[in-house]
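Chains, contacts and geometry: an overview
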Amino acid sequence: MIYFRPGDIVKFTPVTEEEYRTMQKQVAAGTFAYRTLPVEFDAEASQADPEGYNQRLLETLA
């Protein structure tokens, strides 16, 4: 089970059944790793341009 922390940005991505089966095998083997990226939130930039800032965050996670 995964517990997200306050402020975490989570992006779910659809996967094919083949990708899912590969991930299952990696989890069972203890080799699966979630892709993470530290991002420092900028409240001023977010307030100045909420839609643009959200878009930049999503691009960072792509």
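Residues numbered from 1 in each chain as written. Predicted model: local features only at pLDDT ≥ 70, side-chain atom pairs only at ≥ 80, totals over all residues. Heavy atoms only, no water.

Points about the pattern of salt bridges
As a reminder, the rule being used: Salt bridge, as used here, is a side-chain nitrogen of Lys or Arg placed within 4 Å of a carboxyl oxygen of Asp or Glu. Where helices and strands are cited, they refer to DSSP runs of H or I of at least four residues and of E of at least two residues respectively, numbered from the N terminus. With a 1.4 Å probe rolled over the protein chains alone, any residue whose accessible area is under 20% of its type maximum counts as buried; one over 50% counts as exposed, and the rest are partly exposed.
Scanning the model with the defined rule gives three salt bridges in all. Notably, a salt bridge pairs Arg-21 with Glu-17, separated by 3.0 Å at the nearest N-O pair. With Arg-21 and Glu-17 both in helix H1 (residues 17-29) and four residues apart, the pair spans about one turn of that helix. According to the relative accessible area criterion, Arg-21 is partly exposed, its value standing at 40%.

Quick notes on the layout of surface pockets
In plain terms, the rule: Cavities and pockets are found on a 1 Å grid laid over the protein atoms alone: a cavity is a set of points where a 1.4 Å probe fits but cannot escape, a pocket is an open set with protein on both sides within 12 Å along at least five of seven lines, and a lining residue has an atom within 4 Å of such a point. Grid points are joined across faces, edges and corners, and a volume is the space filled by probe spheres set on the points. Just so you know the grouping, Ala, Val, Leu, Ile, Met, Phe, Trp, Tyr, Cys and Pro go in nonpolar, Asp, Glu, Lys and Arg go in charged, and all remaining residues, Gly too, go in polar.
Quantified by volume, the largest pocket comes out at close to 1200 Å³. Going through the elements one at a time, H1 and helix H3 (50-61) are the ones with two or more residues in the lining of the largest pocket. Broken down by element, the lining of the largest pocket gets its largest block of residues, four residues, from H1. Considered class by class, the residues forming the lining of the largest pocket number 21 nonpolar, four polar and four charged.

A closer look at the confidence of the model for the protein chain
Put simply, the test is: Residue-level confidence of the predictor, termed pLDDT, takes values from 0 up to 100.
Predicted confidence across the protein chain gives a mean pLDDT of 90, with 98% of residues reaching 70 or more. For the protein chain, H3 is the element with the lowest average pLDDT, namely 88, and H1 is the one with the highest, namely 97.

Thoughts on the environment of Ala-62
With respect to the element layout, Ala-62 can be found in the segment after H3. With 51 residues separating them in the primary sequence, Ala-62 and Lys-11 have C-alpha atoms 8.9 Å apart.

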